[in-house]
2 protein chains.
Amino acid sequence: MRADAARNREKVLEAARELFAAQGYDVPLDEIAAKAGVGPGTVYRHFPTKQALFQAVTETRVAAMIASAAEPAEDPKQALFVFLGRMADEAAVKRDMSDAITVSPELRKGLHAALGELLHNAQKAGTVRTDVTATDLVVLMKGMLQSLHEGGNPAVLLEIVLTGLQSSRKP
Amino acid sequence: MRADAARNREKVLEAARELFAAQGYDVPLDEIAAKAGVGPGTVYRHFPTKQALFQAVTETRVAAMIASAAEPAEDPKQALFVFLGRMADEAAVKRDMSDAITVSPELRKGLHAALGELLHNAQKAGTVRTDVTATDLVVLMKGMLQSLHEGGNPAVLLEIVLTGLQSSRKP
DNA sequence: TGCCAACCGGGGCGTGCGTTCCGTATCGTC
DNA sequence: GACGATACGGAACGCACGCCCCGGTTGGCA
């Protein structure tokens, strides 16, 4: 690959990172190209489609988050809650986190699997309500993450969901 | 108003009711016109804008729901929870319920006020966590309602939110 | 029944966006 | 330093959608 090509590819990725994070997937591709200081055609030389560019930007972060699900934790419930907290923290700052679930089937599947594992463990331990499925959790989190960008208090909304997830045999 | 004009107006409203409920606000206006058996121009004779048509379709239902907030209930918490349950029931069947919050500022304000009242009463009674604001509740519900159309189990998701809303001084 | 105003249908305009095409400029090699 | 391949930029295309305009039609009153 030519040197300027590699340089431009990086400029595009950098601009895409910023704009996707700030405005989500809906940012026009021309705007990304403009911020990168290249033409739209150049973007398409490096990424076959807008969705592919978006995936290139987000998949690294999502993969890192999924990997962090394997970290040791006090107990299964904490493992799940810490993970959900990480998702909320990320989404509170970067708008593309919630879009990733919608736009890229691969990332959605990956998240689904990781969440399913954590959820299953916590449910087996009896500390999380057993009528929740992995799909429920994915879509609920997606909705909650979007709410963070519409004036919702991140800490409060997360706490509501986490509290609601706990199995309630006591009251 | 001429007789056929009134008839067409009703046909448009009927088609809009069905399509907005089935596909949400994003359904093309031409599709509504086609289903009503009229041209797009006819739709604009009766409603100045697509948003106005949407509002005409949804405001009646939302107003009825808001009015139901004044019904007597066992206690403030139940009043709030019953109301949220009604929202969830409606949104589980009609896709335009969640869009109404986004599209129409009036409807959003109305819901915000009604929810704020119910929330405030329940918080004063000490049965609902006090760090939640009306805005938090509106955006969280919007996110949750959208999740209902993406494979989430309505009863479970609602229960999670309701459980999470309760004040937790006991554990 | 005839006339006029109200109304209708649908083709068309403007816009925004993803994507493609091609003439031109640039890089790297011989 | 020249040449071929590679990459660039941005104009242009296709599409979808909200919205408007106009020639033709229809309804209801005199």
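Residues numbered from 1 in each chain as written. Chains lettered and ligands numbered in written order. Predicted model: local features only at pLDDT ≥ 70, side-chain atom pairs only at ≥ 80, totals over all residues.

**Details of the overall build of chain A**
- Looking only at helices and strands, chain A features 9 helices and 0 strands.
- Element order for chain A, N to C, with α for helix and β for strand: α-α-α-α-α-α-α-α-α.
- Seen along its three principal axes, the alpha-carbon backbone of chain A occupies a region of about 65 × 35 × 20 Å.
- Per-residue burial for chain A yields a buried fraction of 37% across its 171 residues.
- Long-range contacts, defined as pairs at least 24 residues apart, comprise 65% of the intrachain contacts of chain A with a sequence gap of at least 6. (Helix = DSSP H or I, 4+ residues; strand = E, 2+ residues; numbered from the N terminus. Buried ≥ 20, exposed ≤ 12 C-beta atoms within 10 Å, placed from the backbone. Contact = placed C-beta atoms within 7 Å.)

**What to know about the interface of chain B and chain A**
- Contacts between chain B and chain A engage 23 residues on the former and 24 residues on the latter.
- Where the side of chain B that touches chain A is concerned, the elements lending two or more residues are α8 (134–147) and α9 (154–165) of chain B.
- Here the side of chain B that touches chain A takes 9 residues from α8 of chain B, the largest share from any one element.
- Of the residues that constitute the side of chain B that touches chain A, the class distribution is 9 nonpolar, 10 polar and 4 charged. (Nonpolar A, V, L, I, M, F, W, Y, C, P; charged D, E, K, R; others polar.)

**Things to note about the protein's contact with DNA strand D**
- Around DNA strand D, the surrounding shell holds 22 residues, and the nearest of these are Val38, Gly39 and Gly41 of chain A together with Ala3 and Gly41 of chain B.
- The biggest single contributor to the surface near DNA strand D is helix α3 (residues 40–46) of chain A, with 4 residues.
- Considering only residue class, the surface near DNA strand D consists of 9 nonpolar, 6 polar and 7 charged. (Near = placed C-beta within 6 Å.)

**With respect to the relation of the copies chain B and chain A**
- With an RMSD of 0.1 Å, the fit of chain B onto chain A corresponds to turning through 179° and sliding 0.0 Å along the axis. This pairing of chains is accounted for by a two-fold axis.
- Taken as a fraction of all interface residues of chain B, those also at the interface in chain A reach 100%, which identifies the copy contact as same-surface. (Least-squares fit on C-alpha atoms with pLDDT ≥ 70 in both.)

**Some words on the nonpolar core**
- Counting 66 residues, the largest nonpolar core has Leu80 and Leu140 of chain A together with Leu80 and Leu140 of chain B as the members making the most contacts within it.
- In contact with leucine 80 of chain A, not counting residues within four places along its chain, are Leu118, Leu119, Ala122 and Val128 of chain A. (Core = buried A, V, L, I, M, F, W, Y, C linked by C-beta atoms within 7 Å.)

**Digging into helix α7 (residues 105–124) of chain B**
All names here are of chain B.
- Compared with the 28 Å implied by 1.5 Å per residue over 20 residues, the 28 Å span of α7 between its first and last C-alpha is a close match.
- Among the residues of α7, those classed as buried are Leu107, Leu111, Leu115, Leu118, Leu119, Ala122 and Gln123. One side of α7 holds all its buried residues, which, seen down the axis, span an arc of 130°. Along α7, the residues that are exposed and aim more than 90 degrees away from the buried face are Pro105, Glu106, Lys109 and Lys124.
- Residues of α7 that are buried in the fold lie against α4 (50–67), α5 (76–93), α6 (96–103) and α8.
- Immediately downstream of α7, the backbone of glycine 126 shows phi near 80°, a positive value. (Expected span 1.5 Å × (residues − 1). Arc of directions from axis to C-beta.)

**Focus: the domain arrangement of chain A**
Residue and element names in this part refer to chain A.
- Each domain of chain A was delimited in the assignment, giving domain 1 (3–47) and domain 2 (58–165).
- Inter-centroid distance (C-alpha atoms) of domain 1 to domain 2 is 28 Å.
- Domain 1 puts 6 residues into the contact, and the matching count from domain 2 is 5 residues.
- Within the side of domain 1 that touches domain 2, the residues separate by chemical class into 4 nonpolar, 2 polar and no charged. (Domains from an automatic or database assignment.)

**Considering the UniProt feature "DNA-binding region" (unreviewed entry) in chain A**
- Per the UniProt record, the feature "DNA-binding region" (unreviewed entry) sits at residues 28–47 of chain A.
- Across residues 28–47 of chain A one finds 75% helix and 0% strand; the C-alpha atoms that close the span lie 15 Å apart. (UniProt positions renumbered as here; feature names shortened; annotations may be inferred.)

**Quick look at the protein's contact with DNA strand C**
- Surveying the vicinity of DNA strand C reveals 23 residues, the closest of which are Ala3 and Gly41 of chain A together with Val38, Gly39 and Gly41 of chain B.
- Of all the elements in the fold, those that place two or more residues in the surface near DNA strand C are α1 (3–23), α2 (29–36) and α3 of chain A together with α1 (3–23) and α3 (40–46) of chain B.
- Partitioned by chemical class, the residues of the surface near DNA strand C number 9 nonpolar, 7 polar and 7 charged.

**Observations concerning the environment of alanine 22 of chain B**
- In this fold, alanine 22 of chain B is placed in helix α1.
- Remark: the alpha-carbon pair of alanine 22 of chain B and alanine 5 of chain B, spanning 17 residues in sequence, is separated by 26 Å.

**Focus on helix α8 (residues 134–147) of chain A**
- The end-to-end C-alpha distance of α8 of chain A is 20 Å, a good match for the 20 Å that 14 residues give at a rise of 1.5 Å each.
- Judged by how many residues are buried, α8 of chain A sits mostly within the fold: 12 of 14 residues are covered.
- Listed in full, the buried residues belonging to α8 of chain A are Asp136, Leu137, Val138, Val139, Leu140, Met141, Lys142, Gly143, Met144, Leu145, Gln146 and Ser147 of chain A.
- Elements in contact with the buried residues of α8 of chain A: α5 (76–93), α6 (96–103), α7 (105–124) and α9 (154–165) of chain A together with α8 and α9 of chain B.

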